[in-house]
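Residue-level structural notes
The lines below spell out each chain.
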Amino acid sequence: MAKRSSEEMAKEETSAVEGEEAHPYAFHVSGPRNVSSPNWRDLLNSSWKDENYMRTVLACFIQAVYLLELDRQENRSEENVLAPKWWLPFKYKLSQTLIDERDGSIFGAVLEWDRAAALADFILIRPSGAPRAVLALRGTLLKSPTIRRDIQDDLRFLTWESLKGSVRFNVALEALRSVAQSYGSNNVCIVGHSLGAGFALQVGKALAKEGIYVDAHLFNPPSVSLAMSLRNMGEKAGVAWKRLKSMFPSSSEQENQVSIDESQTTSESGLRGWMAQLNRSKTLNLGMKKWVPHLYVNNSDYICCHYNDPPGTDENVGDKENVSPGLMNNAQQVAAKLFVMSKGKQKFLEAHGLEQWWSDGLELQLALNNSKLIDRQLKSLYSLSPPTQMSKKP
């Protein structure tokens, strides 16, 4: 009887382990199939120089952040946690978790190159292109312990097209600034998916304004907001009103004389303003480096597909006499590396999912893009006084 009981217990333990291994979010179940771990060959030809490899690993790091929060919610033990399996194969270690003080949830993590683990596999130095540290930010989790704060930030972006008022923005900004100061901005990367990509974009842009340029990879970044829709409506209304006024030119000589007098009194100040901005743009071109984030979008994902919209023409530019050609040229050069996946019509959950970015046979179109939405998000970087760049560490 006792022997039978012990056998049953052994079977239960075995089935529990098998159940754990078969978890749908386990790395060997849903992770990438054809991605190898770093080895000594990377010293000669680094896998990180392959864009597909880099995209796959960075997407895995974001998945690890999702699982850090799920492990916390489900009170998983150290033996059963899922998250570490998504960074350990690539010789990285967890150095910091980013906590939302409102609900205690994990929304981000800093992963650092694990030199000890690398040396154990005879990898003497970090492969070329591999970042020293990666700040990864997850998106919305539809789980009761954190859904309230996630949705709150989703609505914040939907309403204001900004996440700066969120607790998470400040925490992520300080974390990224800290690792950039420790390792040098050229050795640091920020990545995010969905809502996390929105935070990554705005945090990366905030540091770029300070002259700290970090590599950024944004998966399915949000592109839809009420503020954007209202702004587009306002722009269309403004254009229609100008066209309407142009149909009824004024024939009053008094009005013409007043306009002549006003132009004479303002021409001198306008010229001074134009010259000042021209000099400022020259300094800008000499002192500012361009920050070019990497955006990964799916045409079937209505949350991020608007990043692929072609750039529009700004009919007000010609009326802004005090805008210098240099600044206008900078605005036209705003760009991001946009990777677009189009597999025909897909369901939303598939098109917005993170797993697609490490799937086999992924075909992407790359364009150095200055779409209307990218221009709106990034053009403020090129209308600032030149920042003092932070010294970079090797």
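Look up a bit, the structure's there.
Here is a short report on the structure shown in this document. All values reported here derive from a predicted model rather than from experimental measurement.

Before going further, it helps to examine the nonpolar core. Trp48, Phe61 and Tyr92 are the most contacted members of the largest nonpolar core, which has 43 residues in total. Counting residues per element, the ones that place at least two in this core are helix H3 (51-73), strand E2 (105-113), strand E3 (133-137), strand E4 (188-193) and strand E7 (336-341). Filtering out sequence-adjacent residues up to four positions away, Phe61 remains in contact with Trp48, Trp86, Trp87, Phe90, Tyr92, Leu111, Val134 and Ala136. With 42 residues, the next largest nonpolar core counts Leu137, Leu173, Leu195 and Val203 among its residues.

Moving on: the packing of helix H6 (residues 167-183) against helix H7 (residues 195-209). Remark: H6 packs on H7, axes separated minimally by 10 Å, with the N-to-C direction vectors making an angle of 55°. Put simply, H6 runs oblique to H7. Taken as a pair, H6 and H7 cross one another with a handedness that is right-handed. Contacts between H6 and H7 involve Arg168, Phe169, Ala172, Leu173, Leu176 and Arg177 on the former and, on the latter, Leu195, Phe199, Gln202, Val203, Ala206 and Leu207.

Let's shift gears to the layout of surface pockets. Estimates place the volume of the largest pocket at around 1200 Å³. In this structure, the largest pocket is lined by 36 residues; those nearest its centre are Tyr66, Thr140, His193, His352 and Gly353. For the lining of the largest pocket, the secondary structure elements donating two or more residues are H3, helix H5 (144-160) and helix H11 (348-352). The leading source of residues in the lining of the largest pocket is H5, at five residues. Classifying every residue of the lining of the largest pocket gives 21 nonpolar, ten polar and five charged.

Looking now at the environment of Ala64. Structurally, Ala64 can be placed in helix H3. Owing to a relative accessible area of 1%, Ala64 belongs among the buried residues under this scheme. Spatially, the C-alpha atoms of Ala64 and Lys85 are 8.0 Å apart, while their sequence positions differ by 21 residues. Dropping the residues within four chain positions of it, Ala64 is found in contact with Ala83, Trp86 and Trp87.

Analysis parameters
- Residues numbered from 1 in each chain as written.
- Predicted model: local features only at pLDDT ≥ 70, side-chain atom pairs only at ≥ 80, totals over all residues.
- Heavy atoms only, no water.
- Core = buried A, V, L, I, M, F, W, Y, C linked by side-chain atoms within 4.5 Å.
- Buried < 20%, exposed > 50% of the residue type's maximum accessible area, 1.4 Å probe, protein only.
- Helix = DSSP H or I, 4+ residues; strand = E, 2+ residues; numbered from the N terminus.
- Contact = heavy atoms within 4.5 Å.
- Axes fitted to C-alpha atoms, helices over the stretch in contact; angles between N-to-C directions.
- Parallel < 35°, antiparallel > 145°, perpendicular 65-115°, else oblique.
- Left-handed = near helix turned anticlockwise from the far one by under 90°.
- 1 Å grid on protein atoms, 1.4 Å probe; cavity = no way out; pocket = protein on both sides within 12 Å on 5 of 7 lines; lining within 4 Å.
- Points joined across faces, edges and corners; volume = space filled by probe spheres on them.
- Nonpolar A, V, L, I, M, F, W, Y, C, P; charged D, E, K, R; others polar.

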